[in-house]
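The lines below spell out each chain.
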Amino acid sequence: MPSSSVSSFPFFQRTALAAAFTLLAVNTSLAQTPPAPALPDPAATSVEALGWMQGFPPPPDKQITFDNPVGGVYPRIRWSFSHVRETVPTANVWRGPGAASPLPAAQPRFDIEAVRFQPMGGGEAQTFGQMIARTYTDGILVLHRGQVVYEKYFGALTPERPHLAMSVTKSFVGTLAAILANEGTLDPSAPVTKYLPELKDTAYGDATVRQVMDMTIGVRYSENYADPKAEVWDYARAGGMLTQGANYTGPKSFYEFLATLKKEGTHGDAFAYKTVNAEVLAWIVRRASNRSLADLLSEKIWRRIGAEQDAYFMVDRIGTESGGGGLNTVLRDIARFGETLRNGGRAPNGQQAIAKAVVDDIQRGADPAKFAKAGYALLPGWSYRNMWWVSHNPHGAYMARGIHGQSIYVDPKAEMVIVRYAAHPIAANAGNDPLTLPAFQAMGEALMKPEP
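**Observations concerning empty space enclosed by the protein**
- Applying the stated criterion across every chain, the model contains one cavity of 30 Å³ or more.
- A volume near 60 Å³ is recorded for the largest cavity.
- As for the largest cavity, its lining consists of M399, R401, G405, Q406, S407, R420, N429, N432, D433, T436, L437 and F440.
- Counting residues per element, the ones that place at least two in the lining of the largest cavity are β11 (398-402), β12 (406-411) and α14 (433-448).
- Looking at which element gives the most residues to the lining of the largest cavity, the answer is α14, with four residues.
- Of the residues that constitute the lining of the largest cavity, the class distribution is three nonpolar, six polar and three charged.

Spelled out as structure tokens, the structure:
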């Protein structure tokens, strides 16, 4: 994706929410020079300042609906990312009948917002508080040793309201696949066709499940939004993220679309981030477990970590969840998930929610040499394992990442987890990484310093 405001793309002149949802597939951190700082003023483009969906009813020009073409995406995503269920069909992820696991608050030893860091690419040092404001944060929470040392909400997001996780969803799907593999329900070394014979004549006909889990698949699938013939548009229409139109004759569901994909390149040779791999893995997970993605997530993760709110997925016309980017959760629950991973699979309620072997496999990462072939200039030395981004830095940090600034950042050495929801006008994480990544690392280092 070019380093420019998302509203410059022709597609973003169609619909508000549909346009935002189609971005679920976009690469989360392209190898580009960080975008120029000529970005909209967060305060001047807030929901309150512009009046999106305010009033009973809202004025027609301030309404945000699936089929209301009123211009570009930003700044309406500042409302829509926190109100997904009001505009599209969804599938619920039950939190279970038990009590929520504790997230106790603690008084930090220092001013969290005053922690300073050096942005990528140089320039003046900035503070953690400046990063929060300048990256269009909707909500951010910092956990240290299982205690909340910082938590704030902005714009349309509130503690009890779910927010669109975008491609953070992929890391949940990858974790579910790793859990099933550890239980013996899923064989990562098996061919994809063992579980999905429907894909024998597609790009996945000679691929393994492990290659899908680590996104080393050679598949013809473009996410170039400047190209009206790119496959991303077919994906979006099939999944109900764009209106299909009265004369539409293409695939009408995620399943139908995945069956059209053709091979391009070699499997297992290089990392290539493509959302269709997450959708294929979600299908494999459903087939292997004989459960819907929503039910499986509830059973294997959500109930076990003591989530305080139900989550939900966006779904296509036949009720199939989007495994590539359709999950919506409250911020505190992805913090619980991150803390569970930081503790080797032990949830804040003390339950061993995820096998330690699953967490260890994620944290080890994959081959950085295969990752390097993708050309991520802002992520040198990283790798991708089980749909997690692994830094291989001295702290052993790893991440779940989504466009417009969604993230779970786990720093085992600093005993820290940072979770963040956002509505950045730039979709690709190249718009966020130069500030967020060094800020997260600086916070970990600050929390590790001994008390004076």
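This is not the end of the story, as more comes after the structure.
**Side note on the pairing of strand β1 (residues 90-93)**
- Residues A91 and V93 line the buried face of β1, whereas the alternating positions T90 and N92 sit on a face that is not buried.
- Sheet topology places β1 next to strand β7 (residues 311-314); four bridges connect them, and they run antiparallel. Across the sheet, A91 pairs through a bridge with F313, a residue of β7.

**Quick notes on unusual backbone geometry**
- Between F56 and P57 the backbone carries a cis peptide bond, its omega angle lying at 10°.
- Mapped onto the secondary structure, P57 falls in the loop between α2 (47-50) and α3 (77-80).
- Of note in this structure, M166 is not a glycine but carries a positive phi near 50°.
- You can see M166 is positioned in the loop between β6 (163-164) and α5 (168-183).
- Of note, the phi angle at N386 is positive, near 50°, even though the residue is not glycine.
- Note that N386 resides in the loop between β9 (383-385) and β10 (388-390).

**A word on the nonpolar core**
- Among the nonpolar cores identified, the biggest contains 118 residues, and F128, F172, Y204, I301 and W389 are the most heavily contacted of them.
- Not counting chain neighbours up to four residues away, the residues in contact with I301 comprise F172, T175, L176, I179, L296, F337 and I354.

**Some thoughts on the layout of surface pockets**
- Looking at the second largest pocket, its volume works out to about 220 Å³.
- Looking at the second largest pocket, it is lined by 14 residues, and the ones nearest its centre are R109, H144, R145, L447 and E451.
- In the lining of the second largest pocket, the residues fall into seven nonpolar, three polar and four charged.

**Points about the environment of Q130**
- Assignment of secondary structure puts Q130 in helix α4 (residues 128-134).
- A C-alpha to C-alpha distance of 8.7 Å links Q130 and A114, two positions 16 residues apart in sequence.

**A short note on the sheet that holds strand β13 (residues 416-422)**
- Strand order across the open sheet formed by seven strands is β5-β4-β13-β12-β11-β10-β9, with antiparallel pairing between neighbours. Bordering the open sheet on either side are β5 (147-153) and β9, each of which pairs with just one other strand. Across this sheet, the average inter-strand angle for adjacent strands is 20°, counted without regard to direction.
- Across the sheet, α5 lies against β9, β10, β11 and β12, angled at about 130° from β11, the strand it touches most.
- Running over the sheet, α14 touches β4 (137-144), β11, β12 and β13 and is turned about 150° from β13.

**Focus on the packing of aromatic side chains**
- By the definition in use, this model includes 22 aromatic pairs.
- When the centroid spacing of 6.3 Å and the interplanar angle of 70° are considered together, the rings of Y221 and F257 count as edge-to-face. Separated by 36 residues along the polypeptide, Y221 in the loop between α6 (209-213) and α7 (231-238) and F257 in helix α8 (residues 254-258) bring together distant segments of the chain. Grouping residues by exposure puts Y221 and F257 together as buried.

**As for the confidence of the model for the chain**
- Scored by pLDDT, the chain has a mean of 90; 90% of the residues are at 70 or more.
- Scored below 50 in pLDDT, residues 1-35 makes 138 contacts in the model with residues more than four places away or belonging to other chains.

**A closer look at the pattern of salt bridges**
- Counted according to the given criterion, the structure contains 23 salt bridges.
- One salt bridge in this structure joins E183 and K300, with 3.1 Å as the shortest N-O distance. Of this pair, E183 sits in helix α5 while K300 sits in helix α10 (residues 293-302), placing them 117 residues apart in sequence.
- Owing to a relative accessible area of 10%, K300 belongs among the buried residues under this scheme.
- Here the salt bridges do not stand alone but share partners, grouping E151, E308, R332, D333 and R336 into one network.

What counts, and where the lines are drawn
- Residues numbered from 1 in each chain as written.
- Predicted model: local features only at pLDDT ≥ 70, side-chain atom pairs only at ≥ 80, totals over all residues.
- Heavy atoms only, no water.
- 1 Å grid on protein atoms, 1.4 Å probe; cavity = no way out; pocket = protein on both sides within 12 Å on 5 of 7 lines; lining within 4 Å.
- Points joined across faces, edges and corners; volume = space filled by probe spheres on them.
- Helix = DSSP H or I, 4+ residues; strand = E, 2+ residues; numbered from the N terminus.
- Nonpolar A, V, L, I, M, F, W, Y, C, P; charged D, E, K, R; others polar.
- Buried < 20%, exposed > 50% of the residue type's maximum accessible area, 1.4 Å probe, protein only.
- Pairing = 2+ DSSP bridges.
- Core = buried A, V, L, I, M, F, W, Y, C linked by side-chain atoms within 4.5 Å.
- Contact = heavy atoms within 4.5 Å.
- Axes fitted to C-alpha atoms, helices over the stretch in contact; angles between N-to-C directions.
- Phe/Tyr/Trp six-rings, centres within 6.5 Å; stacked < 30°, edge-to-face > 60°.
- pLDDT = per-residue confidence, 0-100.
- Salt bridge = Lys/Arg side-chain N within 4 Å of Asp/Glu carboxyl O.

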